[in-house]
Amino acid sequence: MSDFPWLTLLWAVPVLGAVLILTLPPRLRPHVKWLALGASLVVLAIAIGLAVGFDPGGAQYQFVESRSWIPAFGTRYALGVDGIALALVVLTAVLLPLLLIAGWNDADEDRRRATHRYVALMLLVEAMVMISFTALDILLFYIFFEAMLIPMYFLIAGFGGPAEAGLRSRAAVKFLLYNLAGGLIMLAAVIGLYVATTDMGSGTFDFREIVAAISSGSLDIDPTVAKALFLGFMFAFAVKAPLWPLHTWLPDAAVQATPAGAVLMMAVVDKVGTFAMLRYCVQLFPDATRYFTPLIITLAVIGIVYGAILAIGQTDMMRLIAYTSISHFGFIILGIFALTSQGQAGSTLYMVNHGIATAALMLIAGFLITRRGTRNIADYGGVQKVAPIMAGTFLVAGLATLSLPGLGPFVSEFLVLIGTFTRYPVAAVCATIALVLAAIYVLWMYQRIMTGPVTAGNEKIPDLKRRELAVVAPLIALLLVLGIYPKPVMDVIDPAVGHTLTVIDQRDPAPAVAEPDGGGR
């Protein structure tokens, strides 16, 4: 299986599907949604095959493909997955078919919107995310890290909510400018890293070769240069993630996009930022990582508490959910830079669980908003009496968001806090404040929307339909399975995290043992 270009198929299938959809004659365009769904299901089948064939005890990077690309630049078309990348590849492959089904009618509601362009853009985003997760060449990663902004921009600007007062276009431009600014700074850092690798004989973008040289000491980058390069990479990833205070583009973009587009952005695209922190920042610049860790942990804790507090004050349902994601990304970044095995394993699992929980909560909210025509929380009330299944699934998704034990996010958040506490106890204690705040914003939102007497205008809200249940049921099932039995996923993640810490020569703190008092007591 490893000799076949499976990783190339992960991105080639959605690209081919998008190209075919865009070139279909108008008489065949009524079938484009089925074609897009079929392409995403093929990708899901490939991802499942990769997960089954992956050996957690084998080589760090598996299913590796490496071919000459631009020899003059020392860059190759190199793909491979470790346990961390595999978990995110499977997450992406699982979510795309569900998002296409959830947004089945999103582009049909306005006849001026072209459905075939909408589904093609969704597939293109999937393809570029897959390359980003599997790239083992830094230049290859950078190109698609930036390229995914283009289809995502058009999904927000062209297929979001009503274009009132130009808010949709403004949100899309803000998303693009923030991320382009981060990408331009990263480009300078990528070039600087290439120049630094010329000390090895010739410049290279090969991630594995550079990491091995740094780890062995054969590549010694000047500490000041390494810190500057680290900041260049980190800035771009912090914008993408997003990390406070570089987060301000996210709430606007999430509100103006369709629910499926917002989930694609927050649950999939933004994960490229946190994944890249763990892979590139930590492994390429271990000394700079340790130097800046206190600052990054401080920003992460601020983001955790800040996002939760602002979520409590929101009157817009979708904006509230967007601010919860800012808080959750703070937890992910906190675990990464705690530099412990529990913290990084918890962060990786958190990326997966956050993607599933946010998808469930935002899509159910989107189904409700489509029926009622408003995002304003005050316009709802008593929905559980007319749509009990919708209310029940909304509650489960909300409880997962606040990390209730028995649901997936609890395990990952607990690991992050444990891993952080062993090295930065004050940061861990401050982060736990968000647990209380999360209970406030989730339960208060549920109370205002779902409980009490039926508010005028909500009497005829229909319950979830079969198509919507086909989206929500798998997400709820995954939250339950990962909350009760996360071991299969952790078995894949743990070896990759252990390798990362070994590469940067970082060990978990030894547990403190109280000395006997010597008095025989």
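So, how was this worked out
Residues numbered from 1 in each chain as written. Predicted model: local features only at pLDDT ≥ 70, side-chain atom pairs only at ≥ 80, totals over all residues. Heavy atoms only, no water. UniProt positions renumbered as here; feature names shortened; annotations may be inferred. Axes fitted to C-alpha atoms, helices over the stretch in contact; angles between N-to-C directions. Helix = DSSP H or I, 4+ residues; strand = E, 2+ residues; numbered from the N terminus. Parallel < 35°, antiparallel > 145°, perpendicular 65-115°, else oblique. Left-handed = near helix turned anticlockwise from the far one by under 90°. Contact = heavy atoms within 4.5 Å. Nonpolar A, V, L, I, M, F, W, Y, C, P; charged D, E, K, R; others polar. Salt bridge = Lys/Arg side-chain N within 4 Å of Asp/Glu carboxyl O. Buried < 20%, exposed > 50% of the residue type's maximum accessible area, 1.4 Å probe, protein only. Pairing = 2+ DSSP bridges. pLDDT = per-residue confidence, 0-100. Core = buried A, V, L, I, M, F, W, Y, C linked by side-chain atoms within 4.5 Å.

The chain carries the name NADH-quinone oxidoreductase subunit M in an unreviewed UniProt entry, which gives Gordonia rubripertincta as its organism. Per UniProt, the comment on the chain under Sequence similarities (unreviewed entry) is "Belongs to the complex I subunit 4 family."

Draft legend 1. Looking closely at the packing of helix α12 (residues 271-284) against helix α15 (residues 341-372). Running from amino to carboxyl end, α12 crosses α15 at an angle of 160 degrees, the nearest separation of the two axes being 10 Å. The pairing of α12 with α15 is recorded here as roughly antiparallel in orientation. As for the relative orientation of α12 and α15, their crossing is left-handed in sense. Contact with α12, carried on its side by K271, T274, F275, L278 and V282, involves Q344, T348, M351, H354 and G355 of α15 and no other residues of that element. Partitioning the contact of α12 with α15 into residue classes produces 4 nonpolar, 5 polar and 1 charged.

Draft legend 2. Seen up close, the packing of helix α3 (residues 83-102) against helix α21 (residues 487-503). Interaxial distance between α3 and α21 falls to 7 Å at its minimum, and their mutual angle equals 140 degrees. For the element pair α3 / α21, the angle class is oblique. For the pair α3 and α21, the contacting residues are G83, I84, L86 and A87 in the first and V492, I493, A496, V497 and T500 in the second.

Draft legend 3. Spatial organisation of the pattern of salt bridges. Overall, the coordinates contain 8 salt bridges when judged by the stated rule. Put simply, K174 and D252 hold a salt bridge, and the shortest N to O gap is 3.3 Å. Placement of the pair is K174 in helix α7 (residues 167-196) and D252 in helix α10 (residues 249-256), with a sequence separation of 78 residues. You can call D252 partly exposed: its relative accessible area is 23%. Ionic pairing is found between D252 and R319, a salt bridge with its closest N-O pair at 3.1 Å. Residue D252 is found in helix α10, and its partner R319 is found in helix α14 (residues 317-337); the two are separated by 67 residues along the sequence. Here R319 falls in the partly exposed class, since its relative accessible area comes to 22%. Overlapping salt bridges bring together K174, D252 and R319 as one network.

Draft legend 4. Structural context of the pairing of strand β2 (residues 75-81). β2 sits mainly inside the fold: 6 of its 7 residues count as buried. Adjacent in sequence and paired antiparallel, strand β1 (residues 62-70) and β2 are bridged by 4 residues, among which G74 carries a positive phi angle near 65 degrees.

Draft legend 5. Up close: helix α11 (residues 259-269). With 10 of 11 residues buried, α11 is to be regarded as a mostly interior element. Listed as buried for α11 are A260, G261, A262, V263, L264, M265, M266, A267, V268 and V269.

Draft legend 6. Inspection of unusual backbone geometry at higher detail. A cis amide bond, omega -5 degrees, links A241 with the succeeding residue P242. Tracing the backbone through its elements, the reader meets P242 in the loop between α9 (223-240) and α10. That bond from W244 to P245 is cis: its omega, 10 degrees, falls within 30 degrees of zero. In this structure, S403 takes a positive phi of about 65 degrees despite not being glycine. By the secondary structure assignment, S403 is in the loop between α17 (388-401) and α18 (408-421).

Draft legend 7. View of the environment of A439. One can find A439 in helix α19 (residues 425-450). Judged by its relative accessible area of 26%, A439 is partly exposed. When the C-alpha atoms of A439 and G303 are compared, they prove to be 17 Å apart, with 136 residues separating the residues in sequence.

Draft legend 8. Region of the structure containing the environment of I440. Looking at the element boundaries, I440 is found in helix α19. Residue classification places I440 among the partly exposed positions, given a relative accessible area of 38%. Excluding residues within four positions of it along the chain, I440 makes contact with I312 and M445.

Draft legend 9. Fine view of the confidence of the model for the chain. Mean pLDDT for the chain: 88, with 95% of residues reaching 70 or above. For the chain, per-element mean pLDDT is lowest for α10, which scores 86, and highest for α3, which scores 94.

Draft legend 10. Expanded view of the nonpolar core. Counting residues in hydrophobic clusters, the biggest one holds 204 residues, and the most contacted among them are I138, F233, F237, M265, L284, F337 and I449. With 17 residues, α15 is the largest single contributor of residues to this core. Apart from residues lying up to four places away in sequence, F337 is in contact with F230, M234, M277, V282, T289, T293, I296, I297 and Y424.

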